[in-house]
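# Summary of structural features
Letter by letter, the chains look like this.
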2 protein chains.
Amino acid sequence: MLRLEIENIIKSHGLSVTKSRKKVLKYFLKLNKPLDLKTIRSLVNPIDRVTLFRILSCFEKKGIIHSIRLENGQHLYAICKETCRDGQHSHQHIHFTCESCDDVSCLSIDNFPNLSLTNYKFNNININVSGVCQACIF
Amino acid sequence: MLRLEIENIIKSHGLSVTKSRKKVLKYFLKLNKPLDLKTIRSLVNPIDRVTLFRILSCFEKKGIIHSIRLENGQHLYAICKETCRDGQHSHQHIHFTCESCDDVSCLSIDNFPNLSLTNYKFNNININVSGVCQACIF
DNA sequence: TTAAGTGCAAAATCTTTGCAAATGT
DNA sequence: ACATTTGCAAAGATTTTGCACTTAA
């Protein structure tokens, strides 16, 4: 029941359920991988560019999706798996870019590091890794 | 001998030494912290905006500086401490944003993680942390 | 001298704002 | 019915491109 799940996610984050929002969220759930604006646009066509910006920034603020900013300037969005509180994201996964196929994915790793430094308080840790993915390694 | 160090860095990365490049690099060495475009522009005034873009992207490609892209969209540049090969950056430090004073810095940490995942090859690990810095923690 | 770097104008993108019309509750 | 969301037009901001002029080696 994808439809119900979609509506539930939107509602449970305190947002009203609209056609556009459902459409956008549907693709995040369906594809379950980080998407850039161009890709999202082509999928949800013909939602207005500005509306899409607003939906994404609203989803992000509410903790439904999170932004991924890669060192090369790419800006992607991915669905939050953990329960991200309103405006406060916390992910125990890394963002991985394959240097061979350029695919970007959110990966769970067992040994997610617990960093620390004297006299500093670390709240949020965001890790971007590049390398070679499963599919390309052979 | 800052002047000599500057020229040496530029030369040793295979670039010709120009007034503008020296000026830009000078501030990176002097301030020794991540700088955004606006700050750099105001420091190196009156270097043309486009020229500055080209200098920065050239420095980055050659491994003199690296880009820091924060989750909030901020784009900063910082000098590379380690020897970054041409086009291939590798840093054993984290990028830290203080949630209280908004300062961004490159921090060395002892326990820099050695991540791995079966069937993946991890080449480059980039870590952005937000929290409270030394100065604001008290 | 000549290959590389700079400045300017202008294009291409990306992101935000204001407001009237449409939609959700 | 009322508050929220959407689409459109237009402004701002950021980044890139082309080309003539200048500078470093």
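For clarity, every value in this text was computed on a predicted model and none was experimentally measured.

The rules behind these values
Residues numbered from 1 in each chain as written. Chains lettered and ligands numbered in written order. Predicted model: local features only at pLDDT ≥ 70, side-chain atom pairs only at ≥ 80, totals over all residues. Heavy atoms only, no water. Helix = DSSP H or I, 4+ residues; strand = E, 2+ residues; numbered from the N terminus. Buried < 20%, exposed > 50% of the residue type's maximum accessible area, 1.4 Å probe, protein only. Contact = heavy atoms within 4.5 Å. Lys, Arg positive; Asp, Glu negative; His and termini not counted. Charge placed at Lys NZ, Arg CZ, Asp CG, Glu CD. Buried area = accessible area lost by both parts, 1.4 Å probe. Polar contact = N/O pair within 3.5 Å; in protein donor to acceptor, adjacent residues only side chain to side chain. Pairing = 2+ DSSP bridges. Near = heavy atom within 4 Å. Nonpolar A, V, L, I, M, F, W, Y, C, P; charged D, E, K, R; others polar.

## Focus on the overall build of chain A
- Of regular secondary structure, chain A possesses 4 helices and 6 strands.
- Seen through its C-alpha atoms, chain A measures out along the principal axes to roughly 45 × 40 × 30 Å.
- Expressed as a percentage of its 138 residues, the buried residues of chain A come to 45%.
- Expressed as a percentage of contacts within chain A between residues at least 6 apart in sequence, the contacts between residues at least 24 apart total 49%.
- Both charge centroids of chain A, one from 19 positive and one from 12 negative side chains, sit 11 Å from each other.

## Section: the interface of chain B and chain A
- In this assembly, 37 residues from chain B lie in contact with 36 residues from chain A.
- For the pair chain B and chain A, the summed buried area comes to about 3100 Å², and 56% of that belongs to carbon and sulfur atoms.
- When the buried surface of chain B facing chain A is broken down by residue, Arg69, Glu71 and Tyr120 of chain B rank first, second and third, together holding 19% of it.
- In this assembly, chain B and chain A are joined by 14 residue pairs in polar contact (both at pLDDT 80 or more).
- When contributions to the side of chain B that touches chain A are tallied by element, the ones reaching two or more residues are strand E2 (65-69), strand E4 (93-98), strand E5 (104-108) and strand E6 (121-132) of chain B.
- Take the side of chain B that touches chain A: its biggest share by element is 12 residues, from E6 of chain B.
- For strand E6 (residues 121-132) of chain A and E6 of chain B, the ladder comprises 11 bridges, and the chain directions are antiparallel.

## Describing the protein's contact with DNA strand D
Residues and elements named next belong to chain A.
- Surrounding DNA strand D, one finds 16 residues, the nearest of these being Thr18, Ser20, Arg21, Thr51 and Arg54.
- Backbone atoms, meaning sugar and phosphate, form 62% of the atoms of DNA strand D found within 4 Å of the protein.
- Arg21 is positioned with one of its side-chain polar atoms (N or O) 2.8 Å from a phosphate oxygen of DNA strand D.
- The contact in question runs from a base oxygen of DNA strand D to an N or O atom on the side chain of Arg54, over 2.7 Å.
- Per-class residue counts for the surface near DNA strand D are 6 nonpolar, 5 polar and 5 charged.

## Observations regarding the environment of Ala78 of chain A
Residues and elements named next belong to chain A.
- Along the chain, the position of Ala78 falls in strand E3 (residues 75-79).
- Distance from Ala78 to Lys33, taken between C-alpha atoms, is 6.1 Å for residues 45 residues apart in sequence.
- Apart from residues lying up to four places away in sequence, Ala78 is in contact with Phe28, Pro34, Ile65, His66, Ile68 and Cys106.

## Let's talk about the environment of Ile40 of chain A
Residue and element names in this part refer to chain A.
- The topology assignment puts Ile40 in helix H3 (residues 37-44).
- Sequence separation between Ile40 and Leu76 is 36 residues, and the spatial gap between their C-alpha atoms is 9.7 Å.
- Not counting residues up to four positions away in its chain, the partners in contact with Ile40 are Phe28, Leu35, Leu52, Leu56 and Tyr77.

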